[in-house]
Amino acid sequence: MFPAVRAPVTKRLVLTPEERETLRAWTRRGKTSQALALRARIVLACDEEHRQDTLIARELGVIRTTVGKWRTRFLEKRLEGLLDEPRPGAPRKITDSEVERLIAATLDSMPKGATHWSTRSMAQAIGMSQSAVSRIWRAFSLQPHRQETFKLSKDPLFIEKVRDIVGLYMSPPTNAVVLCVDEKSQIQALDRTQPLLPMVPGLPERRSHDYVRHGTTSLFAALDVATGRVIGEVHRRHRAEDFRKFLETVDQNVPSELDVHLILDNLSTHKTPAIKRWFLRHPRFHVHFTPTSASWINLVERWFGLLTERQLRRGTHRSTRQLEAAIKEFLSIHNANPRPFVWTKTADQILDSLSRFCRRISDSGH
């Protein structure tokens with residue numbers, strides 16, 4: 001006869017009201033790790049009377065030893081026992097003060113004979129390894145090798161102009177068309193000094209770094225905010241007279257029963273006496289000037305970006321006439337299937353963003 005096998009003795013587990021509330025919060029909170037949430041559910045189930053580990057394991061989809069492990073861990077260390085223990089490995093060698101010293105040196109100093117720090121020059125100056133400097137910079141999102149441009153508008157009517165133009169984008173007037181107008185001047189007709197090498201599997205298209213210039217042209221464009229269609233015209237010169245001719249083209253392409261709201265920058269050719277007289281003779285045209293140094297608010301600039309990216313930057317043009325033909329072809333293809341750019345930020349959101357930026361740089365001398 002074999003001796004009877006006794007069932008394992010289940011240790012009684014009793015939770016305090018505070019522990020029970022904390023465990024329930026861990027199971028409900030979205031940012032709690034799944035492992036910690038499972039441990040909390042196991043302990044909550046163990047709090048019920050006469051619940052065997054086998055039944056709890058079957059209910060929660062784990063094995064019995066897992067339930068026993070966390071029951072025992074909780075009885076020994078309570079809530080702290082459910083948290084992950086420190087991982088094994090080499091002890092940390094770089095202290096918080098050393099990390100602080102590295103960050104302060106990155107932000108407040110410059111290396112001798114250079115404009116910015118590299119990981120190797122900083123490692124040599126601070127006495128750390130290059131990989132340690134790289135890890136710390138990544139952790140704190142520091143990128144000394146990068147530089148971006150910015151310019152804050154000094155227009156005294158900046159706020160009023162932003163609200164005016166954004167209002168046209170987001171709530172356009174009825175019985176009217178809103179056109180974003182600008183010029184892309186001095187577009188160069190460039191030809192490479194050697195033939196292009198086409199793309200092949202494993203190699204991108206290649207071209208020579210130098211070029212031959214065959215003249216320039218200028219593009220006048222008016223983007224319809226509602227439809228995405230563009231009225232465009234190329235001129236060899238960029239004068240107020242050429243701008244007036246383009247306004248005549250716009251006037252002919254917009255139905256006479258509609259008012260026309262033009263969004264323009266502060267270029268001198270837009271404000272000559274001849275242009276002012278033209279607007280007086282055409283009262284259906286309403287001009288809205290962008291703030292100075294704020295071309296980003298003119299939507300036609302985004303269309304110019306598409307033109308540059310898809311047609312001009314990698315194009316090869318052996319004459320100004322060929323360049324103008326390529327621009328007109330791009331304009332025709334775009335207008336065959338136009339898609340409007342959708343402005344999403346309100347004026348308040350733009351001004352709040354600029355306010356936060358100004359507060360961040362308030363001690364930089366601006």
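The structure presented is a predicted model; accordingly, all values stated were derived computationally and were not measured.

Please set out the packing of helix H8 (residues 158–170) against helix H13 (residues 347–360) residue by residue, giving values where relevant.
Think of two packed helices as two axes; the pair is described by the angle between the axes and how far apart they sit. The contact between H8 and H13 brings their axes to 9 Å, and the two run at 145 degrees. Here the hand of the crossing between H8 and H13 comes out right-handed. Together, Phe158, Ile159, Val162, Arg163 and Val166 of H8 and Ala347, Asp348, Ile350, Leu351 and Leu354 of H13 make up the contact between the two elements. Across the contact of H8 with H13, the residue classes break down as 8 nonpolar, no polar and 2 charged.

Outline the pattern of salt bridges, supporting the account with residue identities and numerical values.
In total, this model carries 10 salt bridges according to the counting rule given. Where Glu205 meets Arg314, a salt bridge forms, and the shortest distance between an N and an O atom there is 3.2 Å. Placement of Glu205 in the loop between strand S1 (176–192) and strand S2 (211–224) and of Arg314 in the loop between helix H11 (300–312) and helix H12 (320–336) is noted, with a sequence separation of 109 residues between them. The partly exposed category is assigned to Glu205, whose relative accessible area is 35%. Arg314 gets classed as exposed once you look at its relative accessible area, which sits at 55%. The salt bridge involving Arg236 is made with Glu324; its shortest N-O contact spans 2.7 Å. Separated by 88 residues along the polypeptide, Arg236 in the loop between strand S3 (230–235) and helix H9 (240–253) and Glu324 in helix H12 bring together distant segments of the chain. One salt-bridge network, held together by shared partners, links Arg239, Glu241, Asp242 and Lys245.

So, unusual backbone geometry: which residues are in play, and what are the values?
The backbone of Gln186 shows a phi angle near 55 degrees, a positive value even though the residue is not glycine. Relative to the helices and strands, Gln186 resides in strand S1. A positive phi is found at Ser293, a non-glycine position, where the angle reads about 60 degrees. Considering the arrangement of structural elements, one finds Ser293 in the loop between strand S5 (285–289) and H11.

I'd like a rundown of helix H4 (residues 64–77), residues and numbers included.
Look at H4: 20 Å from first C-alpha to last across 14 residues, which is about the 20 Å you get at 1.5 Å a residue. Taken together, the buried positions of H4 are Val67, Trp70, Arg71, Arg73 and Phe74. Along the axis of H4, the buried residues cluster in a sector spanning 165 degrees; they form a single face. The exposed residues of H4 that point more than 90 degrees off its buried face are Thr65 and Glu76.

Cut-offs applied
- Residues numbered from 1 in each chain as written.
- Predicted model: local features only at pLDDT ≥ 70, side-chain atom pairs only at ≥ 80, totals over all residues.
- Heavy atoms only, no water.
- Axes fitted to C-alpha atoms, helices over the stretch in contact; angles between N-to-C directions.
- Helix = DSSP H or I, 4+ residues; strand = E, 2+ residues; numbered from the N terminus.
- Left-handed = near helix turned anticlockwise from the far one by under 90°.
- Contact = heavy atoms within 4.5 Å.
- Nonpolar A, V, L, I, M, F, W, Y, C, P; charged D, E, K, R; others polar.
- Salt bridge = Lys/Arg side-chain N within 4 Å of Asp/Glu carboxyl O.
- Buried < 20%, exposed > 50% of the residue type's maximum accessible area, 1.4 Å probe, protein only.
- Expected span 1.5 Å × (residues − 1).
- Arc of directions from axis to C-beta.

So yeah, pure geometry; function would need other evidence.
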